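Architecture and fold: a report
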Amino acid sequence: MKIAVCVKQVPDSESRINLSGPVPELDTSSFTMIINPYDQYAVEEAVKIKEKLGDGEITVVTVGAEARVREMIKKDCLAVGCDKAVVVDDAALAGADSFAVAQVLAAALKREQFDLVLFGIKAIDDDASQVGIMTAELLGMPHVGYIGDLELKDGALTAKREIEGGVEVVDSPTPCVLTCGKGLNEPRLPSLPNIMKAGMKPVEVLDCAGLGVEVPASLTEVKQFAPPPPRGECTMIDAEDPAAAARELARALHEDAKII
Amino acid sequence: MPNIAVFIEQRAGQIKKVAWQMLSEARKLTDAHGGEVWGVHLHAASCNVNEDAGKHGAHKVFTAEAAEFDRYDSELWTQAMAAFINEHKPDVVLVGSTAMGKDLAPRLAARLKAACVSDAVGLSWDGGLVVRRPVFAGKCYADVATRGDVAVVGIRPNAFALAETGGAAEAATFSPGLDAGAAKAKVSAVETAAAGQISLTEAEVVVSGGRGIKGPENYAMIEKLAEAFGAASGASRAIVDAGWVDYSHQVGQTGKTVAPNLYVACGISGAIQHLAGMSSSKCIVAINKDAAAPIFKVADYGIAGDVFEVLPALTEAVQEIKKG
Ligand SMILES: Cc1cc2nc3c(=O)[nH]c(=O)nc-3n(C[C@H](O)[C@H](O)[C@H](O)COP(=O)(O)OP(=O)(O)OC[C@H]3O[C@@H](n4cnc5c(N)ncnc54)[C@H](O)[C@@H]3O)c2cc1C
Ligand SMILES: Nc1ncnc2c1ncn2[C@@H]1O[C@H](COP(=O)(O)O)[C@@H](O)[C@H]1O
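What counts and what doesn't
Residues numbered from 1 in each chain as written. Chains lettered and ligands numbered in written order. Predicted model: local features only at pLDDT ≥ 70, side-chain atom pairs only at ≥ 80, totals over all residues. Heavy atoms only, no water. Contact = heavy atoms within 4.5 Å. Buried area = accessible area lost by both parts, 1.4 Å probe. Salt bridge = Lys/Arg side-chain N within 4 Å of Asp/Glu carboxyl O. Polar contact = N/O pair within 3.5 Å; in protein donor to acceptor, adjacent residues only side chain to side chain. Helix = DSSP H or I, 4+ residues; strand = E, 2+ residues; numbered from the N terminus. Nonpolar A, V, L, I, M, F, W, Y, C, P; charged D, E, K, R; others polar. Buried < 20%, exposed > 50% of the residue type's maximum accessible area, 1.4 Å probe, protein only. Axes fitted to C-alpha atoms, helices over the stretch in contact; angles between N-to-C directions. Parallel < 35°, antiparallel > 145°, perpendicular 65-115°, else oblique. Left-handed = near helix turned anticlockwise from the far one by under 90°. Pairing = 2+ DSSP bridges. Near = heavy atom within 4 Å. Areas by Shrake-Rupley, 256 points an atom, 1.4 Å probe, with all protein chains shown as cover. Core = buried A, V, L, I, M, F, W, Y, C linked by side-chain atoms within 4.5 Å. Domains from an automatic or database assignment.

Turning our eyes to something else, we now look at the interface of chain A and chain B. Often, the extent of an interface is quoted as the loss of accessible area upon association of its parts. Taken together, the contacts link 80 residues of chain A with 88 residues of chain B. Among the residues chain A hides against chain B, the three largest losses belong to E164, K182 and R231 of chain A. Together they make up 11% of the total. Between the two partners, chain A and chain B, sit 11 salt bridges. Residue E164 of chain A pairs with K16 of chain B through a salt bridge whose shortest N-O separation is 3.8 Å. Along the contact surface separating chain A from chain B lie 45 residue pairs in polar contact (both at pLDDT 80 or more). Per-element tally for the side of chain A that touches chain B: the top contributor is helix 7 (residues 242–256) of chain A, with 12 residues. Grouping the amino acids of the side of chain A that touches chain B by side-chain chemistry returns 43 nonpolar, 17 polar and 20 charged.

Here it is as structure tokens:
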């Protein structure tokens, strides 16, 4: 089985957001970059599938500057069981939106016949939740989004996904695109020897021209960043007598906030 | 002047409330800038959305009926919505950011080669659509402009208020042009959750517990308070990872995003990743024995007290009020 996993590098969620200038712009200089946490579930799922079947090949694909993603590809992907990597590094893709990235990924993925293409459900920087499903459409593949459970059969799969008030059971033939999130598995940590060995695994670096595609135009553009709307002051209720505090809170929610 | 199409989602014949919220907000835009609001509804059996859609702002409601619409299918829904958009050419298509909408919108946008923006909390028109949405886990907002003939925009449930300022909507039908042969991934079954369980993402009130509840046996205390409020019960990641409650309860960056009218955080510190999932709630209550806990920075009401002392009394007080 040939599996592809698409991973993105994102700022750590502890990163401070600084907005500077008259048109608030994002100051990204202090960001600590990590593998998108959801993509770790996709990587782990690919490795588990390969281990279970006892054979297969896992290709990691990322769109990003090679010098910045190198460590992530090695430590978080190749050292935990992926076999090779494709890095699409093209300066013209800076600021590309989801659909542009999906087009580049689709072009990279078309170069081989993958049975499964795994994504994270969303990237924690743009919080878009789009790229995986868009790429499925561009590849003409079915997708199952946000799977919580996966069972592989010969040339087919059954996945479960949570919906409001229940679970959908989805059957699909392969090739298929799956988007992965928490609850699916427990991502493993790389061991030191495996990190050393990962340095030997092949990493192919190319740009859009190398993929034989034009740099796709973005259809969305961030005009400005703004701070989140301020929340009002917190009304602290005297907690000296906890039961009285609880009654006062219930009263305030009922009479002042009129929520209950 | 924009014509705005609003996807009126149904599951098993039940309409999602976000549909009415989107119609209400869309109508505000067209009242100010011209254009019409169109409801678009796919259904399997005779439906009756016209009246409600009109009331909430739709000028017209377009429906398509097909037996296939009794169960969600990404391919067929995409076909139907694409058929509608190609025929009627709206400028903007609004889709609720629900389990279904998050699945449909990117596929639809990619098929139409259209701009796609997800999880919007604000819409404005400035010669073109400008969408406001939280990014970086809600630590900042981005104003996004779109290009092209049509934009597909996902709307966060509860971001917009309901307004009943519309009138009667004109009824129309459209042909969804289904090609069932193209659908490869199929929903073979829907397992419904236990009766009486309120879905976290749709609840009006959410009561969540964190590590402050000390052990799995005390989650019942959270559930009791939730029951008194008629609320869904949530959790921080800490207690999900500890195995005290199922992952389906987790609120936050790697869990669910909720925006209820009332969010009650009990024994939760308020880490940025937790806030990512709940900070757009209308009213936030925090109960935490550490008065310096960051959760109080986003809270509207706070009690710096012990959950074991406060929650039982709060449960009783809420029950009293609910009894009337
Ligand atoms: C990539 C990533 C993703 C994450 N995603 C999420 C996510 O989706 N959701 C999420 O919640 N977290 C997430 N986290 C974890 C997050 O950083 C915090 O660790 C977590 O939210 C802490 O949970 P907590 O508030 O229950 O526990 P703690 O931080 O331990 O806080 C417990 C609180 O309870 C209070 N307390 C203790 N005893 C009592 C008492 N008797 N009465 C009242 N108060 C009491 C304490 O004062 C303290 O403030 C993520 C972290 C990372 C790195
Ligand atoms: N630049 C990228 N390179 C590779 N994969 C990506 C990239 N951006 C997004 N993805 C994949 O698409 C998923 C969803 O991202 P998004 O739609 O941006 O929220 C991520 O979890 C990744 O699996």
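On we go from here.
Evaluation of the coordinates by the stated rule reveals 38 salt bridges over all chains. A salt bridge links R147 of chain B to E221 of chain A; its shortest N-O distance comes to 3.5 Å. Placement of the pair is R147 of chain B in the loop between strand 10 (140–146) and strand 11 (151–155) and E221 of chain A in strand 14 (residues 220–226), with the two residues belonging to separate chains. Judged by relative accessible area, R147 of chain B falls into the partly exposed class, the value being 43%. A salt bridge links K60 of chain B to E36 of chain B; its shortest N-O distance comes to 3.7 Å. Pair noted here: K60 of chain B is in strand 5 (residues 60–65) and E36 of chain B is in the loop between helix 1 (17–33) and strand 4 (37–43), with a separation of 24 residues, a long-range link. Residue class for E36 of chain B comes out partly exposed when judged on its relative accessible area of 28%. Several salt bridges converge on common partners, so that one network encompasses R161, E164 and E168 of chain A together with R11, K16, D103 and E202 of chain B.

Turning to the packing of helix 3 (residues 74–88) of chain B against helix 4 (residues 99–112) of chain B, a few remarks are in order. Helix-helix packing: each pair is described by the crossing angle between the helix axes and the interaxial distance. All names here are of chain B. Closest axis-to-axis distance for the helix 3/helix 4 pair is 9 Å, and the angle between their directions is 55°. With respect to helix 4, the axis of helix 3 lies oblique. Helix-helix and strand crossings are classified by hand; for helix 3 and helix 4 the assignment is right-handed. Between helix 3 and helix 4, the residues in contact are S74, E75, W77, T78, Q79, M81, A82, I85 and N86 and M100, D103, L104, R107, L108, R111 and L112, respectively. A breakdown of the residues in the contact of helix 3 with helix 4 according to their chemical character gives 8 nonpolar, 4 polar and 4 charged.

Right, let's get into the sheet that holds strand 12 (residues 176–180) of chain A. What the 10 strands build is an open sheet, ordered 13(A)-7(A)-6(A)-1(A)-8(A)-12(A)-9(A)-10(A)-11(A)-13(B); its pairing is mixed. The open sheet terminates on both sides in strands that have one partner only, identified here as strand 13 (203–206) of chain A together with strand 13 (186–192) of chain B. Strand-to-strand, the axes of this sheet are offset by a mean angle of 30°, without reference to chain direction. Relative to strand 13 of chain A, strand 7 (residues 84–88) of chain A runs parallel, the two being bridged by 4 bridges. By the bridge assignment, A85 of chain A is partnered in strand 13 of chain A with V203 of chain A. This element, helix 3 (residues 98–109) of chain A, spans strand 1 (2–6), strand 6 (57–63), strand 7 and strand 8 (116–120) of chain A of the sheet and lies at about 150° to strand 6 of chain A. This element, helix 4 (residues 131–139) of chain A, spans strand 8, strand 9 (143–153) and strand 12 of chain A of the sheet and lies at about 180° to strand 12 of chain A.

Residues and elements named next belong to chain A. Among the 19 residues in the neighbourhood of ligand 2, the closest are listed as C6, D39, A123, Q130 and V131. N36 is positioned such that a nitrogen or oxygen atom in its side chain is 3.1 Å from an oxygen atom of ligand 2. Here D126 contributes a side-chain N or O atom positioned 3.0 Å from an oxygen atom of ligand 2. Relative to its unbound accessible area of 480 Å², ligand 2 is 98% covered by the protein chains. When residues of the shell around ligand 2 are assigned to their parent elements, the largest contribution, 3 residues, is made by strand 6. Per-class residue counts for the shell around ligand 2 are 10 nonpolar, 5 polar and 4 charged.

Looking now at the nonpolar core. Core analysis: the biggest nonpolar cluster contains 74 residues, and W77, L94, L123 and V153 of chain B have the highest contact counts within it. Leaving out residues up to four positions away in the same chain, L94 of chain B has contacts with I4, A5, V6, F7, M22, A26, L123, V153 and I155 of chain B. Grouped together as the second largest cluster of nonpolar side chains are 43 residues, V60, A123, L178 and L184 of chain A included.

Moving on: the domain arrangement of chain A. Domain boundaries in chain A define domain 1 (2–211) and domain 2 (230–260). Distance from the C-alpha centre of domain 1 of chain A to the C-alpha centre of domain 2 of chain A: 45 Å.

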